[in-house]
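Architecture and fold: a report
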Amino acid sequence: MQHEVITKINPVPLHQLIKHDRGMITMSDDNMMVKQIHATHAPDGREFDVKPLFQLVEDILNRATPGVDPLISAAQTRIETSDDRTNQANFIALLEALSFTIDRISCEIAYKSLGGGDAHATTLSIFNLLTSYSWEAKLVLTLSAFAVNYGEFWLLAQIYSSNQLAKSMAILKQVPIILEHSGQLKPRFDALNNLIKAMVAITRCIIEFKELPSMYISQDVPALATAMTHIPTAVYWTIRSVVACATQITTLTSMGHDYWTSATNEAWELSTMAHKINSILDLLKKQLTLCYQYIDDKWNAETFQMLLNLFESIHIDNMKILRALISPKDDVQPLLEGSTKRRVNIDVLRRKNVLLLISGLSISQDELSILEQIYNESRVHGNRMESQYEVVWIPVVDRSVVWTDIMQNRFETLQATMPWYSVYTPTLIDKAVIRFIKEVWHFRNKPILVVLDPQGKVVSPNAIHMMWIWGSTAFPFTSLREEALWREETWRLELLVDGIDPTVLNWVKEGKFIYLYGGTDMEWIRKFTTTARAVASAARIPLEMVYVGKSNKREQVRRCITSITTENLSYCWQDLTMVWFFWTRLESMLFSKIQLGRGDDDDSMLREIKKLLSYDKEGGWAVLSKGSFVFVNGHSSTVLPTFTEYNLWKDDVPPKGFDIACMDYHSKLHSDSQPCCRFEFPSEIGRIPEKIRCPECLRIMEKYMTFGCCHDENGISALY
């Protein structure tokens with residue numbers, strides 16, 4: 001009789017308790033098991049938030065992990081630091097309601113472990129206890145029951161040496177002996193820890209499925225439907241793993257040293273269970289990722305439509321618009337103030353004219369330095385209307401690319417140089433906002449400057465061209481203001497060089513003859529400058545010449561500047577930013593016209609701009625002026641012959657004047673030999689015209705798709 005009682009209370013070895021696991025793990029069809037657990041599943045509709053209880057259990061299991069530093073997650077930290085008395089009270093009430101169920105599960109596991117019950121039968125008995133609960137609740141309640149005993153075991157192990165009560169209890173549970181042989185037991189502890197981590201991970205994953213927002217995803221979505229068919233199996237194997245882990249602890253505390261040091265299969269059996277759990281977890285994670293993608297796409301589509309509706313509505317100020325663009329997640333301080341580098345609230349922009357500088361991290365130093373110069377000049381006279389605007393940098397980055405330290409450093413470097421407001425971090429800009437910026441405002445890669453009035457209405461889809469051409473004079477940067485400025489303009493030298501070099505503007509005021517020229521053919525440059533000076537000397541006219549480079553091939557331009565300066569051929573802009581700005585302004589004149597829908601007008605000024613841009617793609621060129629008056633805008637093939645053939649038209653200089661005589665002869669040469677015209681519109685500029693008229697013959701130009709490389713990492717042009 002005594003022998004019979006001892007047999008009942010001695011725990012059965014783990015490899016016997018889970019002896020059927022290998023067969024079940026290798027089975028390709030778990031239909032029978034699934035039917036059995038579905039037969040026990042009859043939720044009564046009463047649900048509770050399992051998250052707080054799971055966080056508590058996770059905290060216990062993490063802190064109890066032997067030989068590993070506690071992994072205290074943000075969620076667990078909230079448990080320790082929460083001051084929300086209502087939530088704490090609710091949690092305590094929840095524990096009071098669930099404590100009986102948790103104790104019953106704990107007793108069921110302990111009894112079956114001691115009694116040597118079959119693992120599958122023990123698992124089904126737990127399912128029967130939890131019939132009325134949801135799948136994730138079954139998991140969390142079972143893990144809670146396990147955490148009580150497992151946490152108690154390791155709590156005694158951690159404090160028994162300093163607490164007499166703990167020491168006495170630890171001795172009863174053989175804790176000191178177990179720790180003495182921890183080296184021998186390490187494989188088993190490692191396997192146990194790995195299995196517990198897998199159990200916690202799959203529970204967390206299943207809870208995430210439960211928390212998916214029903215307004216954005218339903219169970220008929222394939223990814224969620226697939227997951228729901230696998231969740232019962234996942235719950236079964238997790239609870240079965242709990243039984244295995246509990247049996248392991250019971251074996252350690254109930255059997256003698258000789259027994260548990262001789263058992264060699266336990267670590268392998270636990271590892272097999274962990275492999276099973278992790279395999280199911282991988283499958284569920286894939287489906288969860290698909291679910292999040294589905295929700296993200298649906299949310300982005302909804303947010304995108306909301307943005308469209310928002311910009312079509314009338315508002316009393318710009319706050320709704322700016323919050324939707326910059327702070328959709330209700331970040332309290334989404335902006336970094338430029339001068340103080342302190343985070344500020346978006347309210348600093350309330351009812352102001354706001355210029356949204358939208359760019360990637362590839363925005364050039366040339367662009368930033370000129371924008372900063374214009375911005376700072378407008379701030380010198382703070383009471384002027386031209387200063388009544390704020391600039392906000394919105395960095396647009398590709399969310400599909402992993403954010404690296406190099407990208408973060410680049411972002412911080414750019415942000416540090418900006419005197420205006422900037423979004424504190426690119427992650428504040430939602431995907432839907434990026435889609436809106438690209439699809440509605442036609443942002444590709446080059447910077448744009450979208451202007452919002454004090455009510456948040458878009459008054460210019462891109463004022464960057466206006467800013468380059470006229471600076472703060474273009475305030476309030478509306479399309480109406482842009483059209484008005486164009487009506488005031490004429491084809492004159494100041495249009496080309498305004499805001500770049502005061503030296504040239506002084507020559508204009510003095511009424512000198514001024515030749516702007518460009519290209520990278522040094523042989524042509526030498527011939528042109530030498531011949532032009534000889535003709536000017538013969539005609540006795542005051543001449544100044546300025547080399548303005550080329551819209552690309554920065555390094556070749558640099559070498560040309562060095563040669564021109566060394567050989568004293570003419571005046572040069574030593575600062576390549578000035579060269580960049582000259583071409584950027586010129587290109588902006590064309591794009592400004594295109595943006596206003598005037599890119600194909602029969603406009604003499606626009607034709608001259610187009611000619612100059614086209615000549616730049618086809619070799620050398622020169623613009624000749626007397627003061628403001630531009631009398632020749634020609635390609636190298638006609639300008640140089642005009643001067644080399646000076647003897648043929650020098651007799652017209654006294655009656656007509658040098659400028660008119662030169663213009664007439666050049667026109668004759670030009671009509672005899674018109675160079676081809678070519679424009680290049682890279683896809684990254686956003687707005688590409690459907691058609692464009694040739695500035696020479698006025699025909700509609702043919703359209704080609706080209707690929708080009710100038711072997712120049714630091715191209716001068718912002719657009720090429």
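Before any of the text, the structure's been laid out above.
Residues numbered from 1 in each chain as written. Predicted model: local features only at pLDDT ≥ 70, side-chain atom pairs only at ≥ 80, totals over all residues. Heavy atoms only, no water.

Observations regarding the pairing of strand β12 (residues 629-635)
Note the following rule: For every residue, the accessible area obtained with a 1.4 Å probe (protein chains only) is divided by the maximum for its type, and the residue is called buried under 20%, exposed over 50%, and partly exposed between those limits. Counting from the N terminus, the helices are DSSP H or I runs at least four residues long and the strands are E runs at least two residues long. Here, any two strands with at least 2 DSSP bridges between them count as paired.
For β12, a buried count of six out of seven residues is recorded, marking the element as mostly surrounded by other parts of the structure. Pairing analysis gives six bridges linking strand β11 (residues 621-626) to β12, with the strands arranged antiparallel. Across the sheet, Trp621 pairs through a bridge with His635, a residue of β12.

Focus on the sheet that holds β11
Short version of the rule: For this analysis, residues touch if any pair of their heavy atoms sits within 4.5 Å. Convention adopted: a line fitted to C-alpha atoms gives each axis, helices being fitted over their contacting stretch, and angles between N-to-C directions are expressed from 0 to 180 degrees.
Reading across from one edge, β10-β9-β8-β11-β12 is the order of the five strands in this open sheet, with mixed pairing throughout. Taken across any chain shown, the strands that pair with only one partner, and hence form the sheet edges, are β10 (571-572) and β12. For strand β8 (residues 513-518) and β11, the ladder comprises six bridges, and the chain directions are antiparallel. Following the sheet pairing, Leu516 is matched in β11 by Val623. Lying on the sheet, helix α24 (residues 522-539) is in contact with β8, β9 (543-547) and β11; it crosses β9 at an angle near 165°. Contacts from helix α28 (residues 636-644) reach β8, β11 and β12, with the element oriented near 115° to β12.

Structural notes on the side chain of Asn318
The following threshold applies: Polar contacts, as used here, are pairs of N or O atoms within 3.5 Å; protein pairs need one atom able to donate a hydrogen and one able to accept it. Residues neighboring in sequence count only if both atoms are side-chain atoms.
In this structure, Asn318 sits in the loop between α15 (266-312) and α16 (319-326). At 3.1 Å, the side chain of Asn318 and the backbone nitrogen of Arg351 are in polar contact. Among the polar contacts made by the side chain of Asn318, one reaches the main-chain carbonyl oxygen of Lys352 at a distance of 3.2 Å. Here Asn318 is in contact with Leu349, Arg350, Arg351, Lys352, Val354, Asp453, Pro454, Gln455 and Gly456, once residues within four sequence places are set aside.

Re the environment of Met418
On the secondary structure map, Met418 appears in the loop between α18 (405-417) and β5 (421-423). The buried category is assigned to Met418, whose relative accessible area is 2%. Met418 sits 77 residues away from Lys341 along the chain, and the two C-alpha atoms are 9.6 Å apart.

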